[in-house]
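Here's the letter readout for the chains.
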There are 2 protein chains.
Amino acid sequence: MSLKTLIDENQRTIAADPIKAKAVFSVHGDLVGLTEVDLHARSHTVKVDEPPPLGGDDLGANPVEHALIALASCQAITYRFWAAKLGIELEGLEIAAEGDLDVRGFFGFDDYVRAGFTAVRLEITPTGPETAERYQELADAVDAHCPVLDLFMNPTTVERRIAVPA
Amino acid sequence: MSLKTLIDENQRTIAADPIKAKAVFSVHGDLVGLTEVDLHARSHTVKVDEPPPLGGDDLGANPVEHALIALASCQAITYRFWAAKLGIELEGLEIAAEGDLDVRGFFGFDDYVRAGFTAVRLEITPTGPETAERYQELADAVDAHCPVLDLFMNPTTVERRIAVPA
């Protein structure tokens, strides 16, 4: 099934029954070493760790790198879907993401420094036969509809529950 | 080196030369299939894909699952660091994260629906010999200093550059 067909079928299904638009994604895992974390998403397991300067054994990319992986992959896939939706030919796409982090926030050395990224930069290189204007049109549609770009740029409520030992 | 020693050494180093607090994390990659994306963070490669209902071959967790992996792992590691910093004994930690997504945002079926998560829930189960009050104290410190929780809850600027074909 082409992505265009998939999009059209989803639109018909959701128009008939809007509750079908609502999805829940989940992961669960454990701290299995000093800074080593195993996470499971459906059948997939991902190992996260810190490099030695941050106390770990570098057994996987670290949490903020995973946040950039989420952003870069979401952009790439949203380009693919919206290219199909807009009838723009997309042969390939390279992407690079980088984020600035001031570790004084994480370590609590300075309460005026935020814990998270202070700035993030994305560079996207689409390839294909279309004009620069058409790829810019695609980029604008992607940026309005990319779930992880939205997560970065706008506040998202996170409810936390601590299940403390009895 | 214990995490407490690592934290103290970082504090001395950064107090002497604050520029050493500034880190840049980066990833780069390619759309290598219909929705399959290979991303590289230093020596680590992570494959991201969509499940068949979203057009992919399910070769990896999808982008929004990776965002939850980033959040859950960052919380777990921040618990480890802040337990060391506060002198709270932490034997283990289980974590679960889930996020609600209304796919009408991503597909562009309804411009009043945001593309990203509309709500996220975290459940953290620390284990060890401390009292419930001490683990709650730890949770409060973690939530004020966790980089990816900050990313979720607060806006982060993302500059985008499209390198269009000549």
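Every value quoted in this text rests on a predicted model; they were computed, and no experiment measured them.

Undergrad: Looking at this structure, I do not really get the relation of the copies chain B and chain A. What am I missing?
TA: Put simply, the two copies of the chain differ by a rotation about an axis and a shift along that axis. For the pair chain B and chain A, the best superposition has an RMSD of 0.0 Å and corresponds to a rotation of 180 degrees with a translation of 0.0 Å parallel to the axis. Taken together, these values place the two copies in the relation of a two-fold axis. When the interface residues of chain B are mapped onto chain A, 100% of them are again interface residues, pointing to one common binding face.

Undergrad: Sorry, what's going on with the sheet that holds strand β1 (residues 22-31) of chain B here?
TA: By definition, the strands of a sheet pair up through backbone hydrogen bonds, in either a parallel or an antiparallel sense. Strand order in the open sheet made by the 6 strands is β3(B)-β2(B)-β1(B)-β4(A)-β5(A)-β6(B), with mixed pairing throughout. Looking at which strands have only one partner, the edges of the open sheet turn out to be β3 (44-48) and β6 (158-162) of chain B. Direction aside, neighbouring strands of the sheet carry axes that sit 20 degrees apart on average. Relative to β1(B), strand β4 (residues 92-102) of chain A runs antiparallel, the two sharing 9 bridges. What sits directly across from A:Leu101, in β1(B), is B:Ala23.

Undergrad: Please clarify how the interface of chain B and chain A should be interpreted in this entry.
TA: Accessible area lost during the coming together of the parts is what is often quoted as the interface size. With 119 residues of chain B at the contact, the number on the chain A side is 119 residues. Summing the contributions of chain B and of chain A, the shared interface buries around 10600 Å²; its carbon and sulfur component is 63%. When the area that chain B buries against chain A is broken down by residue, the three leading residues are B:Phe25, B:Leu31 and B:Phe106, summing to 7%. Where chain B touches chain A, the interface holds 12 salt bridges. In this structure, the salt-bridge partner of B:Asp58 is A:Arg42, at a minimum N-O distance of 3.0 Å. For the pair chain B and chain A, the number of links is 58 residue pairs in polar contact (both at pLDDT 80 or more). The element that contributes the greatest number of residues to the side of chain B that touches chain A is helix α2 (residues 63-86) of chain B, accounting for 20 residues. When grouped by side-chain class, the residues that make up the side of chain B that touches chain A number 71 nonpolar, 26 polar and 22 charged.

Undergrad: Hey, could you run me through the packing of aromatic side chains in this one?
TA: The geometry of an aromatic ring pair is captured by the separation of the ring centres together with the interplanar angle, meaning the angle of the planes. Under the criterion given, the structure shown has 8 aromatic pairs over all chains. Ring geometry for A:Phe107 against A:Phe109: centres 5.1 Å apart, planes inclined by 15 degrees, an arrangement best described as stacked. Each member of the pair A:Phe107 and A:Phe109 is classed as buried. One aromatic cluster in this structure is built from A:Phe81, B:Phe106, B:Phe107 and B:Phe109.

Undergrad: It is not clear to me how the sheet that holds strand β6 (residues 158-162) of chain A should be interpreted in this structure. Could you clarify?
TA: Ordered in space as β3(A)-β2(A)-β1(A)-β4(B)-β5(B)-β6(A), the 6 strands form an open sheet in which the pairing is mixed. Each end of this open sheet is capped by a strand with a single partner; those strands are β3 (44-48) and β6 of chain A. Geometrically, the sheet is characterised by an average inter-axis angle of 20 degrees between neighbouring strands, direction not taken into account. Sheet topology note: the β6(A)/strand β5 (residues 119-127) of chain B ladder contains 5 bridges and is parallel. In the strand pairing of β5(B), A:Arg161 is matched with B:Glu123. Contacts from α2(B) reach β1 (22-31), β2 (37-41), β3 and β6 of chain A together with β4 (92-102) and β5 of chain B, with the element oriented near 35 degrees to β1(A).

Undergrad: Where do I start with the pattern of salt bridges in this structure?
TA: Think of it this way: side chains of opposite charge can pair up when their charged atoms draw near. Residues and elements named next belong to chain A. All chains considered together, the criterion is met by 30 salt bridges over all chains. Residue arginine 121 is joined to glutamate 98 by a salt bridge in which the shortest nitrogen-to-oxygen separation is 2.9 Å. Here the residue arginine 121 occupies a position in strand β5 (residues 119-127), and glutamate 98 occupies one in strand β4, the gap between them amounting to 23 residues. The class of arginine 121 is partly exposed, set by a relative accessible area of 25%.

Undergrad: Honestly, unusual backbone geometry in this entry has me stumped. Any pointers?
TA: Among all residues except glycine, the phi angle is most often negative; among peptide bonds, the trans geometry is most common. Non-glycine residue A:Arg42 carries a positive phi angle of around 50 degrees. A relative accessible area of 44% places A:Arg42 in the partly exposed class.

Undergrad: Just checking my understanding: could you explain the pairing of β1(B) for this structure?
TA: Side-chain positions along a regular strand alternate between the two faces of the sheet. Residues and elements named next belong to chain B. Strand direction decides the pairing type here: β1 and strand β2 (residues 37-41), joined by 4 bridges, are antiparallel. Within β2, the residue paired with histidine 28 across the bridge is histidine 40. Where β1 folds back onto β2 in an antiparallel hairpin, the turn is made up of 5 residues.

Conventions used here
Residues numbered from 1 in each chain as written. Chains lettered and ligands numbered in written order. Predicted model: local features only at pLDDT ≥ 70, side-chain atom pairs only at ≥ 80, totals over all residues. Heavy atoms only, no water. Least-squares fit on C-alpha atoms with pLDDT ≥ 70 in both. Contact = heavy atoms within 4.5 Å. Pairing = 2+ DSSP bridges. Helix = DSSP H or I, 4+ residues; strand = E, 2+ residues; numbered from the N terminus. Axes fitted to C-alpha atoms, helices over the stretch in contact; angles between N-to-C directions. Buried area = accessible area lost by both parts, 1.4 Å probe. Salt bridge = Lys/Arg side-chain N within 4 Å of Asp/Glu carboxyl O. Polar contact = N/O pair within 3.5 Å; in protein donor to acceptor, adjacent residues only side chain to side chain. Nonpolar A, V, L, I, M, F, W, Y, C, P; charged D, E, K, R; others polar. Phe/Tyr/Trp six-rings, centres within 6.5 Å; stacked < 30°, edge-to-face > 60°. Buried < 20%, exposed > 50% of the residue type's maximum accessible area, 1.4 Å probe, protein only.

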